[in-house]
Amino acid sequence: MSDDVLIKSILTKNKGRYGSGLDDGEAFEYFCAEAVLKRYALTFDDIDSGIVDGMNDGGIDSVYVFVNRSLIAEDTDLDSFKSPVEIDLYVIQSKMDGGFKEAAMASLVTSIPELIKLGVDPAKLVTRYNSDVRQAFELYRDTLKSLAAQFPKVRVHVIYCTLATKANAKVDAMIDNAKAQIEAQYPKSECEINLWDAKRLYQEAQKQNVLVRQLPFVKSPISHGRGYVILSTLRDYFKFITDEDKKLIDALFEFNVRDYQSGAAVNKEIAATLGKTDDTADFWWLNNGVTILAEEAAAQDNELTIKNPIIVNGLQTSHEVFRFFAGGGKDDKERCVQVRVLQVEDDERRDRVIKATNSQTGIKPASLHATEPLQRKVEDYLVQLGIFYDRRKDFWRNKGRPADKIIGIDKLSQSVMSILLEKPHDARARPTTILRNDATYAQLFSDEIDLAIYQVAANLYFAIDTYFRKIRKTVDAIYRNNLRYHLMMSLAWRLNGSRPVHAQALKNLKVSTLTDSVIEVEFKHIMKLFNQAGAEDKTAKDQAFTATLKKKSLVKESKLAAQKSDKGTASS
């Protein structure tokens, strides 16, 4: 059986994990993005955020911007990145064609140089590209401008994926010219263009989700119960946390790589210690080491085999070890790092280990919220209702649960903020940073909030997400991207029959009664007000627009109309 047929079989079997209502071509886009970006260990929401396919997409299906291996969102704090800075732009075209096409490559050659040009007039892009494409490349250009003073190393990766089983010489001949045009847009930038055929895609799909790594150790390990304490040489630990291309394996880390801050004092101290290769004090004397949670671990012949390792403490140490050796650092091959490997099966103990081992580190509080008892309680409550709450990165998706019943901690937070606090503008403006404010977090997750409110929030999110997928090709992305949470708030008012919706009423809303026609009426009303207010990203992020919705809600207008009608009837 040929590779292209195998891939089609995989898509048929796994299409549901990418979302409901997708056709084969759309599912293929997610499949390709997931394969290309596998080393970054992105969540499904991360992958979804980069899909830009649609009318006027310039032959581009997905776009992702990374700085020092961190996926960049519009609210990312770029000031946290200090030199050396590396910017990676991924542009992916994914077509279920049986071969590579010259026209498709020509579209990329035309579009990418124009979109990445720093001096481009955004107004001139409006008629040529849809809003998803424009926003994705605007994020790239803004990132580059913001970090220009750091003299970043810039790499542009263009990947053209098809189900081809043989090469196309004409397309191959276009690559050098395309690279030259792209590299010309920014000094000292590098571009690589890769053609992924069916064989390459199948090879990536074959890679197991189960991660098994070997970590050599020196002397004898300390073993007690279901845990090990070992000393591993720095060089061996570097090999443990990197892949065959000597790139950091992001899937190993419990916390997002944004929590690593290269400029922090503790990191500078670790880097200085690593640089002193002639120090009589071993590295592990001066460093607290690393804690790893694992499904299984077994020691044999001075090597620990670890199944699905997750580094829950030692993020800073790991990154500095990586930077040291990746930057050409030399080692005496004797210095060691202390590593604890714990086999923890139940969630409560797992969360306790994470919380305890990170209580004295620079990990942001937002990263630790998922370990709290309340978060486990929300997860346990929702799962009984068929809703899978991903408080941990892609936990339920990796277990094969349906995509249209999975909601992550960020999305649930945004949803609760929109319907309980009536702040959809904040939900839109701060998609990745809401949880970093302790005061805001306390408003969204509290023992005083009825768990049924989280159920309503999740179901409203699912209802709108399903509706948006249906209208994806007919309604411009500027509305879908900007008005999701405003629509959620408005639908809560409709279900309640009035606004505001108090907590006691909110928990009883019957989201299952919503129909596409009801959602459409509310959405068109909000779109009209959005257009009147300027129809820009900043409009949706502005509290003033939320105030307009409250003043001109359909629920309020219908009640006023009814009151006028009643008065007219009474007077007659």
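Higher on the page you've got the structure.
Anyway, here's the lowdown on the structure attached to this text. Just so we're clear, the structure is a prediction, and the values are computed from it rather than from any experiment.

1. Observations regarding the sheet that holds strand β8 (residues 227–233)
- With mixed pairing, the five strands of this open sheet are ordered in space as β7-β8-β13-β9-β12. Both outer strands of the open sheet, β7 (222–224) and β12 (310–313), are each paired with one neighbouring strand and no more. Within the sheet, the average angular offset between the axes of one strand and its neighbour, ignoring direction, is 30°.
- Of the pairings in the sheet, the one linking β7 to β8 comprises three bridges and is antiparallel in character. Bridge pairing links Ser223 to Tyr228 in β8.

2. Observations regarding the environment of Leu549
- Tracing the chain through its elements places Leu549 in helix α23 (residues 543–551).
- Taking the C-alpha atoms as reference, Leu549 lies 41 Å from Leu11; in sequence the two are 538 residues apart.
- Among residues more than four places away in sequence, those in contact with Leu549 are His486, Met489, Trp493, Ile526 and Leu529.

3. Remarks on helix α21 (residues 516–532)
- Here α21 contains 17 residues, and its C-alpha end-to-end distance of 24 Å stays within 8% of the 24 Å for a straight helix at 1.5 Å per residue.
- Burial in α21 covers these residues: Ile519, Glu522, Phe523, His525, Ile526, Met527, Leu529 and Phe530.
- Where α21 ends, the next residue or the one after it, Gly534, has phi of about 120°, a positive value.

4. So, the packing of helix α1 (residues 3–14) against helix α8 (residues 198–206)
- Following both chains from N to C, one finds α1 and α8 inclined at 45°, their axes separated by 8 Å at the closest point. In terms of their interaxial angle, α1 and α8 are classed as oblique. Taken as a pair, α1 and α8 cross one another with a handedness that is left-handed. Two secondary-structure elements touch here, α1 through Asp3, Asp4, Leu6, Ile7 and Ile10 and α8 through Ala198, Lys199, Leu201, Tyr202 and Ala205.
- In terms of residue class, the contact of α1 with α8 is made up of seven nonpolar, no polar and three charged.

5. Looking at the packing of aromatic side chains
- Applying the stated rule across the entire model yields 21 aromatic pairs.
- Aromatic pair Tyr479 and Phe530: ring centres 6.0 Å apart, planes at 75°, arrangement edge-to-face. Of the two residues, Tyr479 sits in helix α19 (residues 477–496) while Phe530 sits in helix α21, which places them 51 residues apart along the sequence.
- When its relative accessible area of 15% is taken as the criterion, Tyr479 is described as buried.
- Clustering of aromatic rings is evident, with ring pairs tying together Phe238, Phe322, Phe324 and Phe325.

6. Quick word on a nonpolar patch on the surface
- Taken together, Trp284, Trp285 and Leu286 make up a surface patch of nonpolar side chains, about 350 Å² in accessible area.
- Checked against the element boundaries, Trp285 lands in the loop between α10 (265–275) and β9 (290–294).

7. Side note on the pattern of salt bridges
- With the rule as written, the count across this model stands at 26 salt bridges.
- Lys541 serves as the salt-bridge partner of Glu74, at 2.8 Å between the closest nitrogen and oxygen. Of this pair, Glu74 sits in the loop between β2 (70–71) and β3 (86–94) while Lys541 sits in the loop between α22 (537–540) and α23; the two residues are 467 residues apart in sequence, bridging distant segments of the chain.
- On the basis of relative accessibility, which here comes to 41%, the residue Glu74 falls in the partly exposed class.
- Overall, Lys541 belongs to the partly exposed group, its relative accessible area being 29%.
- The residue Glu379 makes a salt bridge to Arg391 at a minimum N-O spacing of 2.7 Å. Note that Glu379 is positioned in helix α14 (residues 373–383) and Arg391 in the loop between β14 (388–390) and β15 (406–408), a separation of twelve residues in sequence.

8. Let's talk about the sheet that holds β3
- In spatial order, the strands read β2-β1-β3-β4-β5; together these five strands make up an open sheet with mixed pairing. At either end of the open sheet lies a strand with only one pairing partner, and these are β2 and β5 (190–196).
- As paired strands, strand β1 (residues 62–67) and β2 are joined by two bridges and run antiparallel to one another. Residue pairing for β2: Val67 is matched across the bridge by Ser70.
- Its contacts with the sheet put helix α7 (residues 169–183) on β4 (153–161) and β5, and the angle it makes with β5 is roughly 155°.

9. Details of a positive patch on the surface
- Where like charges cluster on the molecular surface, the positive patch consists of Lys528, Lys551, Lys552 and Lys556.
- Along the chain, the position of Lys556 falls in helix α24 (residues 554–571).
- Here Lys556 falls in the partly exposed class, since its relative accessible area comes to 39%.

10. Points about the pairing of β4
- A large share of β4 lies buried, amounting to eight of its nine residues.
- Relative to β4, β3 is paired through nine bridges, and the arrangement is parallel. Note on β4: the bridge partner recorded for Ile87 is Val154.
- Here β4 pairs with β5 via seven bridges, running parallel. Directly across from Arg155, in β5, lies its bridge partner Glu190.
- Taken together, β4, α7 and β5 form a β-α-β motif whose crossover is right-handed.

11. Some points on the packing of helix α18 (residues 451–470) against α21
- Following both chains from N to C, one finds α18 and α21 inclined at 80°, their axes separated by 11 Å at the closest point. Relative to α21, the element α18 is oriented roughly perpendicular. Residues Ala463, Tyr467, Phe468 and Lys470 of α18 form the contact with α21, whose participating residues are Asp516, Ile519, Glu520 and Phe523.
- Here the contact of α18 with α21 is composed, by residue class, of five nonpolar, no polar and three charged.

12. Some words on the nonpolar core
- Judged by nonpolar contacts, the single largest core of 58 residues is most densely connected at Leu412, Phe445, Tyr454, Leu460 and Phe523.
- Of all elements in the fold, only α14, α15 (409–419), α17 (438–444), α18, α19, α21 and α23 reach the threshold of two or more residues within this core.
- In terms of residue count, α18 provides more of this core than any other element does, twelve residues in total.
- If we ignore the near neighbours within four places in the chain, the residues touching Leu460 are Ile419, Met488, Leu491, Ala492, Leu495, Val511 and Leu514.

Rules used throughout
Residues numbered from 1 in each chain as written. Predicted model: local features only at pLDDT ≥ 70, side-chain atom pairs only at ≥ 80, totals over all residues. Heavy atoms only, no water. Pairing = 2+ DSSP bridges. Helix = DSSP H or I, 4+ residues; strand = E, 2+ residues; numbered from the N terminus. Axes fitted to C-alpha atoms, helices over the stretch in contact; angles between N-to-C directions. Contact = heavy atoms within 4.5 Å. Expected span 1.5 Å × (residues − 1). Buried < 20%, exposed > 50% of the residue type's maximum accessible area, 1.4 Å probe, protein only. Parallel < 35°, antiparallel > 145°, perpendicular 65-115°, else oblique. Left-handed = near helix turned anticlockwise from the far one by under 90°. Nonpolar A, V, L, I, M, F, W, Y, C, P; charged D, E, K, R; others polar. Phe/Tyr/Trp six-rings, centres within 6.5 Å; stacked < 30°, edge-to-face > 60°. Patch = residues over 30% accessible without salt bridge, like charges linked within 9 Å, V, L, I, M, F, W, Y side chains within 5 Å. Areas by Shrake-Rupley, 256 points an atom, 1.4 Å probe, with all protein chains shown as cover. Salt bridge = Lys/Arg side-chain N within 4 Å of Asp/Glu carboxyl O. Lys, Arg positive; Asp, Glu negative; His and termini not counted. Charge placed at Lys NZ, Arg CZ, Asp CG, Glu CD. Right-handed = clockwise from strand over helix to strand, strands pointing away. Core = buried A, V, L, I, M, F, W, Y, C linked by side-chain atoms within 4.5 Å.

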